[in-house]
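A structural walkthrough
Now for the letters of each chain:
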Amino acid sequence: MRKIVPLVILLFIANILYSQDLSWYIPANISYNKSVPTPASVIHHEVGEWHITHDRLVDYMEAIAAAAPQRVKLQTMGFTYEQRPQTLLIISSPKNMARLEDIRLQHLLLSDPVKSGSVKINEIPVVVYIGHSIHGNEPSGSNASLLTAYYLAAAEGKEIEELLENVIVLFDPSFNPDGLQRFSTWANQHKSRTLVTDPNSREFNEVWPGGRYNHYWFDLNRDWLPGVHPESRNRIQLFHEWKPNILTDHHEQGSNASFFFQPGVPSRVNPLTPAKNQELTAMLGRYHAKNLDAIGSLYFTKENYDDFYYGKGSTFPDINGAIGILFEQASSRGHAQETSNGVLTFPFTIKNQFVTALSTLQGAKELKNEFLAFQRDFYKESLSGDNKTYVFGDKHDLTKTNLFIEMMLRHTIQINEYAGPFDATFEKGRSFTVSLNQPQQVLIKAIFDKQLSFADSLFYDISSWTMPLAYGISYKETTSAGSGKKVETAVTPVGEVSGGKSSYAYLFAWDEFYAPKALYELQRAGLITKVASNTFEIRVAGNNKKFDYGTILIPVALQSLAADKLYELVNAVAGKNGITVYSMQSGGAVNGSDLGSSKFISLTKPITAMLVGAGVNVLDAGEIWHLMDQRMNIPASHLEISQFNRIDLSKYNTIILVSGNYNELNKEKLKAWIQAGGNLIVLEEAVNWASDNGISTVKIKKIKSATDSSGRLPCVQREQIEGAQQMNGSIFGAEVDLTHPLAYGYHSKTVSLFKPNRVFMEKPKNPFASPFYYGNNPLQSGYVSKENADAIKNSAAVIVNTIGAGRVINISENINLRGFWLGGTKLFMNALFFGRTIDAGSGRTEE
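These numbers were taken from a predicted model, which means no experiment stands behind them.

Quick look at the overall build of the protein chain
Of the regular secondary structure elements, the protein chain holds 25 helices and 34 strands. Each principal axis of the C-alpha distribution contributes one length, and for the protein chain these read about 90 × 70 × 65 Å. A buried classification covers 59% of the 847 residues belonging to the protein chain. Intrachain contacts of the protein chain at a sequence separation of at least 6 include 79% that bridge at least 24 residues. By element, 49% of the accessible surface of the protein chain is carried by carbon and sulfur atoms, the whole surface being about 32,200 Å². Within the protein chain, one finds 80 positive and 83 negative side-chain charges whose respective centroids are separated by 3 Å.

Below, the structure written as structure tokens:
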């Protein structure tokens, strides 16, 4: 017994080293209001002892707000896909809280260049938006939010009173509630009482898809600009309601690192970001350094991370008159992990995040007037006399145009109806204008501008995102556009059946964005549908009307539904999907194919499976899941590779492979499924895998080396040289065969595609097998090295292979990037619905 007792004591002491009580974190020699509950009294464990779950995190924020209503106000911004609340605390002095709305409205005047001169900046507080753990498996931020909230609500004395008198704190404890909940469950369920620090242990190695992402496996830290997801939209609304001066974004990095705070790499700052922004960032950095020095924490700046893509939380503020601050803490991933710097404990990671939250607030207080003046000057400079206007619109697809408008309205950009001069591209009622003569001038440039010159060839994220190209919308720059009525809201088109009930047939064009959604709903209801593989002209309501490739035909007599019920169904589907369906009384065409022609090909409802799981690119899979589920209401089974290998595949007629490693996949089984008539869609790096494993007949181009093996180069240049060859993401214009089934619904002979990889397909000998291909100079915007530019020149973007009775559709680009690349949606939907209609001869690549 005497031997056992000391062992128990040693184990207890060892675990204490990895768990800390509140006093270890918070500033000493300060009194705290005892009526404000400590974290442990609400969440039932010490901060850092366990990973905070989102439900308990919300419980504590609610408890704080209830205990300190003079300082703290709680509001719910909205809800995630999984219906978790996005909780926000607004924290300031009692005096400021009593006139919060007045302060907000006065602060907003700083972003109005006409009225900002009336604001006395020395008399208003600075606004700081503190956000945590947008990547759910980078949890030290959200766990530190417990400490920061407690300190701001409970601390007493002159120092905290002065801070809160000069600062309004917008406090978001979890940018990604769904991801945080997923990861905290993982970390907690694998925690041992005797902590295991071996990095190989299961605690530190999440299963696919991991907790980094939101419900649909998206990286929310790329969504601040496009605003695809509810979590982002709710935050963007809050941001523009307040226009904060500083936004902090608390992240984690590799376990062997230390702590990073901005500024980032100087040569990788977006040229639209003012120099003063970086100057203030550096000034604020001195406060972070001081606080980290005080607790002995190592840190670094001006390396690894950049300020280029404006869709990130730390860069989005830079284009909105604010300062974005990225914090990157080395991650313990679990509770304590062995690293090159020794054992990294979870409490240590939390403390670093906490002290830099305090340093941000201290710097904001002491530099208050500098931050407020910067914001005022940023917007004043927007009235620089630039009279350029962007005209945009898609005369064939009003829904997609309105989705583009909706995105810009979220960012308080003024949009007007276009008043001419009109032409074949920009029609009345379907075209709009955005003038640069408005406060959001710099943000507008970030949305519309192309970029082809760069100070650096390395990028932490993508190098271009020109939004009208992404949406597949025509646009132009002009100084003579007529602007009409201001657009107050994006209006989704309301569809209809033109001509009423038919006893013969219905037709609708494939142009509108939600045409695939409408088609699937009709197919799900059991309707027989056909697609036109030819153009034709037919009488509609007494006039001749032209219909293009891809027109959908619903013959009335072939349906099991009675004509009245069929009309009700078609009318309802048309109405909610914004499409116009034409009622036909005869099948005879004036020109082109009659409705009974073999040029109208019967369609099969897609029954789809997508391969997911270990080795599969999470983001690419999530983009397709979101597109099919959220936008198009099309279900898809998600199959793990092990499941694929043991099930009967005959129930599926379409299988999707995104980027990934499929070495464990039963290749012969996949080949047999294709040969029996399956439609395989392979994307990005999966194209290489399919080629290498005999699934397709695609040939991959070889890329020239960027270095001469006979020469000698300093080792220090390796990162720059090799990094410059990476394709992080640029925009290229593909030439299109508009008669091909994969191009139905497109009208421009050039389609903008996003390339984030080094997959370069050789053009096949058969010219009909590559309906999307690149010419001699396809770059539209973004960085590309000479070697990669040579490789993409005259390559194929899409190749169709005929394999037995089936088809393999190879798409080398990311046509669904981050859920906002709507210009590629039609290509993907065409592969889904029309892949099986492509004639065998068009898919023989060796002809």
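Back to the write-up after that little detour.
Focus: the pairing of strand S4 (residues 167–172)
With respect to burial, S4 is a largely interior element, 6 of its 6 residues being buried. The side-chain alternation of S4 yields two buried faces, one formed by Val-167, Val-169 and Phe-171 and the other by Ile-168, Leu-170 and Asp-172. In the sheet, strand S2 (residues 85–91) pairs with S4 via 3 bridges, with the strands oriented antiparallel. By the bridge assignment for S4, Ile-91 is matched with Val-169.

Focus: the nonpolar core
Formed by 207 residues in total, the largest nonpolar core has its most connected members in Phe-392, Leu-670 and Phe-772. Not counting residues up to four positions away in its chain, the partners in contact with Phe-772 are Ala-734, Glu-735, Val-736, Leu-742, Ala-743, Tyr-746, Val-751, Ala-796, Ala-797, Val-798 and Leu-827. Judged by nonpolar contacts, the second largest core, of 19 residues, contains Met-77, Leu-100, Ile-103 and Phe-175.

Things to note about the side chain of His-288
Along the chain, the position of His-288 falls in helix H11 (residues 275–294). For His-288, a relative accessible area of 0% corresponds to the buried category. The residues touching His-288, leaving out its near neighbours within four places in the chain, are Phe-261, Ile-325, Phe-327, Thr-356, Ser-359 and Thr-360.

With respect to the packing of aromatic side chains
Using the criterion set out here, one finds 44 aromatic pairs in the structure. On the numbers, 6.5 Å between centres and 80° between planes, the contact of Tyr-418 with Phe-426 is edge-to-face. Across the pair, Phe-426 and Tyr-418 agree in class, each one buried. Each residue in the set Tyr-390, Phe-392, Phe-404, Phe-432, Phe-448, Tyr-471 and Tyr-475 is aromatic and connected to the rest through ring pairs, giving one cluster. Just above the ring of Trp-224 sits the side chain of Arg-235; from NZ or CZ to the centre is 5.1 Å. Cation over ring: Lys-826 sits above Trp-510, and NZ or CZ is 5.6 Å from the ring centre.

Remarks on the sheet that holds strand S3 (residues 126–132)
Spatial ordering of the open sheet is given by S1-S2-S4-S3-S5-S7-S6, a layout of 7 strands whose pairing is mixed. Here the strands that pair on one side only, and so sit at the sheet edges, are strand S1 (72–79) and strand S6 (259–261). Taking the axes of each pair of neighbouring strands and ignoring which way they run, one obtains an average angle of 20° across the sheet. As paired elements, S3 and strand S5 (residues 246–253) share 5 bridges and run parallel to each other. Across the sheet, Gly-131 pairs through a bridge with Asp-249, a residue of S5. On the sheet, helix H7 (residues 140–154) packs against S1, S2, S3, S4, S5 and strand S7 (323–330) and is oriented at approximately 145° with respect to S4.

Focus on the sheet that holds strand S10 (residues 389–393)
Pairing is antiparallel in the open sheet, where 5 strands are placed in the order S13-S10-S12-S11-S14. The sheet is open, and its two borders are formed by strand S13 (474–478) and strand S14 (482–486), each paired with just one other strand. Adjacent strand axes in the sheet meet at a mean angle of 35°, parallel and antiparallel pairs treated alike. Pairing of strand S11 (residues 416–420) with strand S12 (residues 431–435) involves 2 bridges; the strand directions are antiparallel. Opposite Glu-417, over in S12, you have Phe-432 as the bridge partner. Sitting on the sheet, helix H14 (residues 398–410) touches S10 and S12, and the angle it makes with S10 is about 140°.

Description of the pattern of salt bridges
Once the charged atoms of two side chains with opposite charge are near each other, the side chains can pair. Counting across every chain of the model gives 26 salt bridges. Where Arg-376 meets Asp-377, a salt bridge forms, and the shortest distance between an N and an O atom there is 3.8 Å. Taking the shortest distance from any N to any O, the salt bridge between Glu-521 and Lys-576 comes out at 2.7 Å. Of this pair, Glu-521 sits in helix H17 (residues 515–524) while Lys-576 sits in helix H18 (residues 563–577), placing them 55 residues apart in sequence. Given a relative accessible area of 18%, Glu-521 falls into the buried group. Residue classification places Lys-576 among the exposed positions, given a relative accessible area of 54%. One continuous salt-bridge network, built from bridges that share partners, spans Glu-138, Arg-212, Asp-219, Arg-222, Asp-461 and Arg-818.

Observations regarding helix H25 (residues 825–834)
Extensive coverage of H25 is indicated by the burial of 10 of its 10 residues. Residues of H25 that are buried: Thr-825, Lys-826, Leu-827, Phe-828, Met-829, Asn-830, Ala-831, Leu-832, Phe-833 and Phe-834.

What about the packing of helix H19 (residues 618–631) against H25?
Their axes nearest at 12 Å, the elements H19 and H25 cross at an angle of 80°. In terms of orientation, H19 lies roughly perpendicular with respect to H25. Residues Ile-624, Leu-627 and Met-628 of H19 pack against Thr-825, Phe-828, Met-829 and Leu-832 of H25. Across the contact of H19 with H25, the residue classes tally to 6 nonpolar, 1 polar and no charged.

Some points on the packing of helix H12 (residues 346–366) against helix H13 (residues 368–380)
Two elements in contact, H12 and H13, have axes separated by 4 Å at closest approach and are oriented at 75°. Put simply, H12 runs roughly perpendicular to H13. Within the contact between the two elements, H12 uses Gly-363, Ala-364, Lys-365 and Glu-366 and H13 uses Lys-368, Glu-370 and Phe-371. Here the contact of H12 with H13 is built from residues that sort into 2 nonpolar, 1 polar and 4 charged.

What to know about the confidence of the model for the protein chain
Overall, the predicted model of the protein chain reaches an average pLDDT of 94, with 95% of residues at or above 70. The model gives residues 1–16 a pLDDT under 50, and that stretch makes 4 contacts with residues more than four places away or in other chains.

What to know about unusual backbone geometry
Of note, the amide linkage connecting Trp-208 to Pro-209 takes the cis form, showing an omega dihedral of 5°. In this fold, Pro-209 is placed in the loop between helix H9 (177–189) and helix H10 (230–242). Look at Ser-133: it is not a glycine, yet its phi comes out positive at around 55°. Within the fold, Ser-133 resides in the loop between S3 and H7. By relative accessible area, which is 0% here, Ser-133 ends up buried. At Glu-684, a residue that is not glycine, the phi angle is positive and equals roughly 50°. Take Glu-684: it is sitting in the loop between strand S27 (679–683) and helix H22 (685–692).

Criteria and cut-off values
- Residues numbered from 1 in each chain as written.
- Predicted model: local features only at pLDDT ≥ 70, side-chain atom pairs only at ≥ 80, totals over all residues.
- Heavy atoms only, no water.
- Helix = DSSP H or I, 4+ residues; strand = E, 2+ residues; numbered from the N terminus.
- Buried < 20%, exposed > 50% of the residue type's maximum accessible area, 1.4 Å probe, protein only.
- Contact = heavy atoms within 4.5 Å.
- Areas by Shrake-Rupley, 256 points an atom, 1.4 Å probe, with all protein chains shown as cover.
- Lys, Arg positive; Asp, Glu negative; His and termini not counted.
- Charge placed at Lys NZ, Arg CZ, Asp CG, Glu CD.
- Pairing = 2+ DSSP bridges.
- Core = buried A, V, L, I, M, F, W, Y, C linked by side-chain atoms within 4.5 Å.
- Phe/Tyr/Trp six-rings, centres within 6.5 Å; stacked < 30°, edge-to-face > 60°.
- Lys NZ or Arg CZ within 6 Å of the ring centre and 35° of its normal.
- Axes fitted to C-alpha atoms, helices over the stretch in contact; angles between N-to-C directions.
- Salt bridge = Lys/Arg side-chain N within 4 Å of Asp/Glu carboxyl O.
- Parallel < 35°, antiparallel > 145°, perpendicular 65-115°, else oblique.
- Nonpolar A, V, L, I, M, F, W, Y, C, P; charged D, E, K, R; others polar.
- pLDDT = per-residue confidence, 0-100.

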